[in-house]
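As a plain string of letters, each chain reads:
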Amino acid sequence: MMNCITDFFTYETTKSVVVKSWTIGIINRVVQLLIITYFIGWVFYHEKAYQVRDTAIESSVMTKVKGFGVYNGKVMDVADYVIPTQGASVFCIITKLITTENQMQGYCPETEPKFGCKDDSDCTHWMQNTGGNGMKTGRCVGFNSSYRTCEIRGWCPAEIDTIKTEPMREAENFTIFIKNSIRFPRFNFTKGNLLPNITNKYMHKCNFHPERDIYCPIFRVGDVMKFAHQDFDTLAKDGGVIGIKIGWVCNLDMSDEHCNPKYSFTRLDSISEKSKVSPGYNFRYAKYFKTNNGTEYRTLLKAYAIRFDVMVYGDAGKFDMIPTLINMVAAFTSVGVGTVLCDIILLNFLKGADQYKAKKFEEVSEQQIKSSVPNGNDHYRSNQTLSLKYDEKQSTDSGAFSIGL
């Protein structure tokens, strides 16, 4: 029992070997310097690992479009070309329309060329098809005096969407007002993209520019196309989707005035730009009316539009002791990598590696322990130190010395 108590109250330490070598010394210090530089320059300065982060940004976006254009001899205002009208973060500016007026429920010939026919047998296999402009009846009827097509039941006359029309050129000068408010809940920090000292006079004359006027919340459509590296004429003709990204990357250890939005612009449907099947962006909607006798009719519109998606992201950081201590411990621990690398070089590649191994590692067998211990255990601890001191051997196993008093 006494031996167990004595063994418990002991201290173990590793054996240290001092190697006076210029080569291994320089390698050791260079590796340590690189590790320290990495942690100071990249981890702490660039990545700000001493901060606690908040990426769960809360955001609200309100948009408003202004401008007038002329299309098919009609003056178009915001209520005509902006969908939806609520001022949400996703909205469309219509640049081209194909209009089919006075549609009523009934029977009429299909207008798509693939539904051409010579008799009813050519139309029966289309009856379960969901394409076209209505439900197929299976009958072949005359479209005009020289052409026959399958009959449909639905809104008549059927739409002809192959009509060539020119886009509304004035849309390039329309302006988009974006009002954005954000909050980082972890720090209870709130801010918006409108400066506190902004005035109506400034708002009426400013246009956003990424270098000259970064705090103006009014964006000209033509400028947004340029920032996104897109051609306005192509987008106005076929439609497309443009992303407006607002980034709030803030260091809250500094004053609030240093937390400002950064805008970036890109085309989100770039894959459709290369497609010949369905290029651009378009959709259909209708306006419904009733005659004096209660018969319902409608005007169908196929709209080619530029859709804008306003997306907000954020990342805020503030000093905190816990991540600071964690990364400092990681830095001090990583400095030991230099020791591991130097040991590998020292024991395997330098001249005299065998002598280094003999000094660093020591092998102690049970036979050596037994031969150094008398029949009794009274002098075990005093003899152990002497036995180990003179029995150093070359080995490839690492170990530690237990020094007993």
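Just so it is clear, the model here is predicted, and its values are computed rather than measured.

Peer 1: Just checking my understanding: could you explain the overall build of the protein for this structure?
Peer 2: Assigned secondary structure in the protein consists of 13 helices and 17 strands. The buried share among the 405 residues of the protein stands at 36%. Looking at the protein alone, contacts between residues at least 24 apart form 70% of all its contacts between residues at least 6 apart.

Peer 1: Would you mind going over the pairing of strand β8 (residues 135–142) with me for this structure?
Peer 2: Taken residue by residue, a regular strand's side chains alternate between the two faces of the sheet. By the bridge criterion, 5 bridges tie β8 to strand β9 (residues 148–156) in an arrangement that is antiparallel. From the neighbouring strand, K136 faces β9, where its bridge partner is I152.

Peer 1: Would you mind showing me how to read helix α9 (residues 321–334) here?
Peer 2: Working note: α-helix, 3.6 residues per turn, so residues spaced by three or four point in the same direction. Between its terminal C-alpha atoms α9 stretches 20 Å, which fits the 20 Å expected from 14 residues at 1.5 Å a residue. Listed as buried for α9 are P323, T324, N327 and A331. For α9, the angular spread of buried residues about the axis comes to 105 degrees, placing them on one side. Seen from the open side of α9, the exposed residues pointing more than 90 degrees away from its buried face are I322, I326, V329, F332 and T333. One side-chain oxygen of the residue at the start of α9 lies 3.1 Å from the amide nitrogen of I322, identifying that residue as D320.

Peer 1: What am I meant to see in the state of the cysteines here?
Peer 2: Inspection of the entire model under this criterion finds 5 disulfides. Each sulfur of the disulfide joining C123 and C150 lies 2.2 Å from the other. Across the S-S bond linking C123 and C150, the dihedral sits near -95 degrees, which makes this disulfide left-handed. In this pair, C123 sits in helix α4 (residues 121–124) while C150 sits in strand β9, placing the two residues 27 residues apart along the sequence. We classify C123 as buried; its relative accessible area is 0%. Note that C206 is cross-linked by a disulfide to C216, the S-S spacing being 2.0 Å. With the S-S bond torsion at 70 degrees, the cross-link from C206 to C216 turns out right-handed.

Peer 1: Help me understand the packing of aromatic side chains in this model?
Peer 2: The way to describe two aromatic rings as a pair is by their centre distance and the angle between their planes. This model, assessed by the stated rule, comprises 18 aromatic pairs. Taking the centre distance of 6.1 Å and the plane angle of 85 degrees together, the rings of F208 and F227 count as edge-to-face. Remark: F227 occurs in helix α6 (residues 221–227) and F208 occurs in the loop between α5 (200–205) and β12 (218–220); sequence separation between them is 19 residues. Overall, the relative accessible area of 22% leaves F227 in the partly exposed class. An aromatic cluster is present here, built from F208, F219, F227, Y263 and F265 joined pairwise through their rings.

Peer 1: Help me out: how do you make sense of helix α2 (residues 22–46) in this one?
Peer 2: With 25 residues, α2 ought to run about 36 Å at 1.5 Å a step, and its terminal C-alpha atoms sit 34 Å apart, in line with that. If you check which residues of α2 are buried, you get I24, N28, V31, Q32, I35, F39, V43 and F44. For α2, the secondary structure elements touched by its buried residues are α9 and α10 (337–348). Directly beyond the C-terminal end of α2, a positive phi value near 50 degrees is found at K48.

Peer 1: What am I meant to see in the environment of I26 here?
Peer 2: Mapped onto the elements of the fold, I26 is located in helix α2. Among the residues examined, I26 registers a relative accessible area of 49% and is labelled partly exposed. C-alpha separation for the pair I26 and C342, spaced 316 residues apart in sequence, amounts to 9.9 Å.

Peer 1: Teacher, can you tell me more about the packing of α2 against α9 here?
Peer 2: The packing of two helices is summarised by the inter-axis angle and the distance between the axes. Running from N to C, α2 and α9 cross one another at 155 degrees; their axes reach a closest spacing of 9 Å. In terms of axis orientation, α2 runs roughly antiparallel to α9. When you trace α2 past α9, the crossing you get is right-handed. In contact with I35, F39, V43 and F44 of α2, α9 contributes T324, N327, M328, A330, A331 and S334. Class assignment of the residues belonging to the contact of α2 with α9 gives a composition of 7 nonpolar, 3 polar and no charged.

Peer 1: Before we go on, may I ask you to explain the environment of G243 in this structure?
Peer 2: One can find G243 in strand β13 (residues 240–251). Among the residues examined, G243 registers a relative accessible area of 0% and is labelled buried. It is 9.3 Å that separates the C-alpha atoms of G243 and D269, two residues lying 26 residues apart in sequence. Among all residues touching G243, those that are not within four sequence positions of it are S264, F265, T266, L268, D309 and M311.

Rules of the game
- Residues numbered from 1 in each chain as written.
- Predicted model: local features only at pLDDT ≥ 70, side-chain atom pairs only at ≥ 80, totals over all residues.
- Heavy atoms only, no water.
- Helix = DSSP H or I, 4+ residues; strand = E, 2+ residues; numbered from the N terminus.
- Buried < 20%, exposed > 50% of the residue type's maximum accessible area, 1.4 Å probe, protein only.
- Contact = heavy atoms within 4.5 Å.
- Pairing = 2+ DSSP bridges.
- Expected span 1.5 Å × (residues − 1).
- Arc of directions from axis to C-beta.
- Polar contact = N/O pair within 3.5 Å; in protein donor to acceptor, adjacent residues only side chain to side chain.
- Disulfide = S-S within 2.5 Å.
- Phe/Tyr/Trp six-rings, centres within 6.5 Å; stacked < 30°, edge-to-face > 60°.
- Axes fitted to C-alpha atoms, helices over the stretch in contact; angles between N-to-C directions.
- Parallel < 35°, antiparallel > 145°, perpendicular 65-115°, else oblique.
- Left-handed = near helix turned anticlockwise from the far one by under 90°.
- Nonpolar A, V, L, I, M, F, W, Y, C, P; charged D, E, K, R; others polar.

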